[in-house]
Each structure stands twice: as C-alpha cells, then as structure tokens.
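Working through the structure, step by step
These are the residues of each chain, in order.
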Amino acid sequence: MLNGIGASRGYGIGKAIIIKNASLDYSHKKYTSAENEKERLQKAIDSFVKETSLLAESVKKSAGDKEAEILRGHIVMVNDPFMISQIRESIDNGSVAEKGVDTACQMFIDMFSSADDELIKQRASDVKDIRDSLLKKLLNTVGADIDSVPPDSVLIAEDFTPSMTSRIKKENVNAIITEVGGITSHSAILARAMGLPAVLSVSGATERIQNGDILIVDGIKGNIIINPEKSDIDKYAQIQAEYLREKESLNAYIGKPTVTENGNKKAVYGNIGKPEDVQNVIQNSGEGIGLFRTEFLFMERSCEPSEEEQYEAYATVARAMDFKEVIIRTLDIGGDKDIPYLAVEKEENPFLGHRAIRYCLDEKKLFKKQIRAILRAAVYGNIKIMLPLITCTDEVRRAKSIIAECENELKNENTEFKSVPLGIMVETPSAVLISDILAKEVDFFSIGTNDLTGYIMAVDRGNAKVSKLYDTSMPSVLKAIEITIKNAKANGITVGMCGEAAADVNLIPLFLEWGLDEFSVSPGSILQTRKTICENNG
Ligand code: PEP
Ligand code: MG
C-alpha cells in the first residue's frame, strides 16, 4: 500500500496511466533568422491563447468560474508586454524562440519564487506551466496525453499543473495521484472542485506504480492499494457506493440547526489552514471556524509572513464568516510541522521539544507580529485567540502579558484593533490534569485529540509498530476528555473539540453526554457530524 495526503475526498478504482512529461529539450534547434523565430513565437502564443480560452470555457462549465479564472490568468500573463519584449530581445540577440521563452520565463519564475507573498509565489508555478506549454508548441511535442485516456483511468504524474488538471475528462478519470503538492496546491483545488478523489505527495508514485496496474485510491485516508485482491475491490466498490449515497443524503443538513434529539443547541465548526478553505466551510454551512491552523500561512515559503500579510489573511476569514466565531490558533510549529527558514533546531524528541507556544514565547518578536495582526483583524468579525500545547499556567500568563503589550502598542500608535477572548488547546496530559485551574485563566477550551491521544498513550503515531495504541477511544484518553469537559463546565467556560475525534461518529454520542458544546471538524465532515449530533441525545 502507498500513502500520501488525501487532498480530495472520495474513492476511485481504475487502471493506472502514468503521465510522463514530454521532453522539452531544445538544444538541437538551429537559429534561422530573428524574423522567423519571432513568427514561430507568435504562432505558439496564438495557439496557446486559443487553446487556453477553450479550456477555460470547459472548466467554467465543469468546475466553476473561480477555477476557470486560473486559466484566464495564464492568457493575461502570456500577453504581458514586458514578458513578450524580453523574449523578443533574446531572439534579437541570437537565441532560438525556445531559448527566448525559457530564459524570459525563468526570470519571472525566479522573481515570483523569491516573493514574500504566498499568492505571488504561486504565480511561479503558473509561469512554469506557461513556459512548458509554449515549449511544447514550439517543439511540436505532444504533451502528456491526458485528454484521450480511456474510461476508468487513474492518472499518476509527478505533478498536475492547472492546465493538465483542466484537460482531464472527468467522465474517464476516477482519481488522480501526484508525487508532490499539498491540500492548497492548485491541482488539489481543481481536483476538489471537479469532485475527483486525489492523493497527493506520494513519494516515487510514478516509479512504484506501473502502467496498467489496478489501483484503489482512497482520497479520504490518502491510501492507494496496488493490484488489490478481488475481495478488496468488492469491499471498496461497496464503500464507494455507500459513500456516494450518504454524501447525497447529507445535503439535507445544509443550513439546518445543530440541535440534539432532546433539544440542546450545539455547534459544528470547520477547521481551516488557509483563508481560501473558508469557502468550503461556508458551502457546508459550518457555524464558525473552530481552528485556523495558522502555521500553514508560514509553510511553502522562504521567509515568515509579515504582520500585514497575516492581518489580510485573518481579516479575510473574519469578513467571510460574517461575525460568526473564528478561532485563530497561534503558530503551532515543531513536532511534525517543520518550517525550514525559522531554523528550529533539530531535536532528539521533537514532539517533546521546543514547539508551539514554547517556541513563540521565546521568539517574542515573531509572536507579537502574529498577535498584532490578529487583534487588528478582529475589528472585522468575531475573532478569538487560541494557544496550542499549553502545559502550565505560567505559559498562559506570559502569553496574556504579550497580548496586553501588543494592545498597548496598538493603542499608542492609534491603530484600530479589538480585544478578543482567549482560549487554549487542551492537548497535553498536563493541561487535562490542571484543567480546573486553567479554566479560571481563559475564556474557552478546545480539546486537541490528535496530540492528546499521542501524549496520553505515549505513542508516536508515525511508528507503524505501535500504531494500534494510537487510539482516541482508549479508556485513558476518553477519561481525559471527560475530565476536561467537566472542569470547563464547572467553571462556566465553553468547551469544544478540534481534533479528528470530533468527527468520529462512534464517539460523538459520548462527547454529547459529557456536554461538549462545539465540534470543529474538516469542512467535508461538517454535515456528517451535524447529522450524528441531531440523531443523538446530549
Ligand atoms: C490536535 O492536536 O488535536 C489538533 C487539532 O492540532 P494539530 O492536529 O494541528 O496538532
Ligand atoms: Mg495539536
């Protein structure tokens, strides 16, 4: 079995087709004349624009206008007067059209890649896509033959660029697999919009899977079974049919209040990593954001986001949620979340090391930048701050004093801001054991069952030999959850849960019985969670 990131939910069973990129080597091309090379260039651009416009139209129909916008952006970029003048200048200096395109595009790729802004950085992959398309046209090379794959195919590629993804004929493709990319890559966004199950970041997928292999792709767990037994295929076909039936029936819960069978009001919130994920929460009628994992704003870039960038991101989410609660968790790095440019020292036991709130309290400048951005964005909605990995009261008090310092600074600068409620994640055994004391320090708790399970069971969830012990339904973990809820209630603060267990249909009835107020789950699990709550007492 291969494993990657389940980036688009659903199951796909089909025959593997490896999409290898065509060779873009142009070293054999001979320079004719500037006039001829420029004519070749213009023809390639015209053909690119025509093809991309048609693609954008078909994407608009199959996936939506927002997705088509990515391709329309390519047309604008390829017509950029500066880019064209750079290519033509290179041709005037004796380069073949291919080299002109390659050199000019590379200049833009380097420029965009080094930008601070994540959106600008994304444009580097758009320019790469444009460069490859133009080179294929100039070299008359047929690219990856995505358009004409037979029905029931599973496509595997190192990466799917936006133009490759949009060429996919949905009716013939049951799933996609890539070697790189994450939840927020363009290919993942498009795959989700097309409703195609996708597993990304499967290392060595194009080598380990052979053309013609039968594959089962589980876009929920991120698993791929190669050449499964007939019994596996039957099992997954059943799971898939059941999944589709249930998905359909869950639509009845869109916009429905989350009320238990015996009439108690609860709330189902969504977990997000980037501002754009908020749309997914809204589409599934999430009643708030219970966990904004802000570390994702810091990832896949070469330096930390500025206060301004963070302010924009938080304000975008606050505005989009229209005064519904938005719980922003301060930077939770370390453990399995490495951010290379922050140079967190390599440690023997990273999960027990200098991570999350511990790191932020020591890196005060970085922490203050984030707090200031959150307080400023709070003006636009109902924002709350949540601290990760709290183990003792001192950490909360130190964080509070830094927040107060930021508020004073903003006041003195006459910068608009709003004070916000403060909560903590209860995700360490220590926080559970003193939850009665911590509850007097903060406005709310959110139980982080992902870490809590690991720390209580003393198990590294990445270690296959002990993975059976990584189980939230173990009595000790459940007891810790019960204690936390009880202490929150006794002290009159609200208590939610934002670990994966919040969406566990088998555990939800227990959490309801103990009085959990808010369940924050991944956007795709909102409706199922609401359904389970509505069907149980609590
Ligand atoms: C958790 O630990 O349960 C949690 C929600 O946080 P993360 O998965 O980001 O560590
Ligand atoms: Mg955690």
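The coordinates are above.
Read on for an overview of the structure. (Residues numbered from 1 in each chain as written. Chains lettered and ligands numbered in written order. Predicted model: local features only at pLDDT ≥ 70, side-chain atom pairs only at ≥ 80, totals over all residues. Heavy atoms only, no water.)

Our focus in this paragraph is the overall build of the chain. Within the chain one finds 21 helices and 16 strands. With respect to the principal axes defined by its C-alpha atoms, the chain has extents near 80 × 65 × 45 Å. Counting over 538 residues, the chain shows a buried share of 52%. Partitioning the contacts of the chain with sequence separation of at least 6, the portion at a separation of at least 24 is 68%. A total of about 24000 Å² of accessible surface is found on the chain, and carbon and sulfur atoms cover 51% of it. Distance from the positive charge centre (65 side chains) to the negative charge centre (80 side chains) of the chain: 2 Å. (Helix = DSSP H or I, 4+ residues; strand = E, 2+ residues; numbered from the N terminus. Buried < 20%, exposed > 50% of the residue type's maximum accessible area, 1.4 Å probe, protein only. Contact = heavy atoms within 4.5 Å. Areas by Shrake-Rupley, 256 points an atom, 1.4 Å probe, with all protein chains shown as cover. Lys, Arg positive; Asp, Glu negative; His and termini not counted. Charge placed at Lys NZ, Arg CZ, Asp CG, Glu CD.)

On to the packing of aromatic side chains, then. Evaluated as defined, the whole model comprises seven aromatic pairs. Across from the ring centre of Y311, 4.1 Å away, lies the NZ or CZ of R376, which sits over that ring. (Phe/Tyr/Trp six-rings, centres within 6.5 Å; stacked < 30°, edge-to-face > 60°. Lys NZ or Arg CZ within 6 Å of the ring centre and 35° of its normal.)

Turning our eyes to something else, we now look at helix 14 (residues 364-377). An ideal rise of 1.5 Å per residue puts 20 Å on 14 residues; helix 14 measures up with 20 Å between its terminal C-alpha atoms. Where burial is concerned, most of helix 14 is hidden: 11 out of the 14 residues are buried. Within the span of helix 14, buried status applies to L366, F367, K368, Q370, I371, R372, A373, I374, L375, R376 and A377. In this structure, the buried residues of helix 14 make contact with helix 11 (295-298), helix 12 (307-320), strand 11 (325-329), helix 13 (356-362), strand 12 (382-387) and helix 15 (393-412). (Expected span 1.5 Å × (residues − 1).)

Moving on: unusual backbone geometry. Outside of glycine, negative phi angles account for most residues, and trans bonds account for most peptide bonds. Here the phi dihedral of N227 falls at roughly 40°; this positive angle occurs in a residue that is not glycine. On the secondary structure map, N227 appears in the loop between strand 8 (223-226) and helix 9 (230-250). N227 gets classed as partly exposed once you look at its relative accessible area, which sits at 43%. Located in the positive-phi region is A458, a residue other than glycine, with phi close to 50°. Position of A458 relative to the elements: it lies in the loop between helix 18 (449-457) and helix 19 (475-490).

Closest axis-to-axis distance for the helix 14/helix 15 pair is 9 Å, and the angle between their directions is 60°. For the element pair helix 14 / helix 15, the angle class is oblique. The crossing of helix 14 and helix 15 is right-handed. Only A399, I402, I403, E405, C406, E407, E409 and L410 of helix 15 make contact with helix 14, whose side of the interface consists of K364, F367, K368, I371, R372, L375 and R376. Of the residues belonging to the contact of helix 14 with helix 15, the class tally is eight nonpolar, no polar and seven charged. (Axes fitted to C-alpha atoms, helices over the stretch in contact; angles between N-to-C directions. Parallel < 35°, antiparallel > 145°, perpendicular 65-115°, else oblique. Left-handed = near helix turned anticlockwise from the far one by under 90°. Nonpolar A, V, L, I, M, F, W, Y, C, P; charged D, E, K, R; others polar.)

Moving on to the coordination of the magnesium ion (ligand 2). Note on the magnesium ion (ligand 2): its protein donors are E427 (OE) and D451 (OD). The metal-donor distances range over 2.1 Å. One end of the pair, E427, is in the loop between strand 13 (422-426) and helix 16 (429-433); the other, D451, is in helix 18, with 24 residues separating them in the sequence. Both residues of the pair, E427 and D451, count as buried. (Donors = N, O, S within 2.8 Å, 3.2 Å for Na, K, Ca; no water.)

To continue, consider helix 15. With 20 residues, helix 15 extends 29 Å from end C-alpha to end C-alpha; this agrees with the ideal 28 Å at 1.5 Å per step. Packing partners of the buried residues in helix 15 comprise helix 13, helix 14, strand 12, strand 13 and helix 17 (435-438). Positive backbone phi, at 60°, marks N414, one or two positions downstream of helix 15.

Our next topic: the side chain of K266. Relative to the assigned elements, K266 resides in the loop between helix 9 and strand 9 (267-272). Of the buried charged residues, K266 lacks a salt bridge, with D517 as the closest side chain of opposite charge at 4.4 Å. In this structure K266 touches T258, T260, E287, L512, G515, L516, D517 and I533, once residues within four positions along its chain are discounted. (Salt bridge = Lys/Arg side-chain N within 4 Å of Asp/Glu carboxyl O.)

With that settled, the discussion passes to the pairing of strand 14 (residues 444-447). Two faces, one strand: in a regular strand the side chains alternate between the faces of the sheet. Burial along strand 14 is two-sided: F444 and S446 and F445 and I447, pointing in opposite directions, are all buried. Strand direction decides the pairing type here: strand 14 and strand 15 (residues 494-497), joined by four bridges, are parallel. Note on strand 15: the bridge partner recorded for I447 is M497. (Pairing = 2+ DSSP bridges.)

Note on pairing: side chains with opposite charge can pair once their charged atoms come close. This structure, assessed with the given rule, holds 31 salt bridges. Measuring nitrogen to oxygen at the nearest pair gives 2.7 Å for the salt bridge that ties R376 to E307. One end of the pair, R376, is in helix 14; the other, E307, is in helix 12, and 69 residues separate them in sequence. Classification of R376 by relative accessible area gives buried; the value is 11%. Among the salt bridges present, the one from R372 reaches E413, with a minimum N-O distance of 3.0 Å. Linking R372 in helix 14 with E413 in the loop between helix 15 and strand 13, this pair joins segments that are 41 residues apart in sequence.

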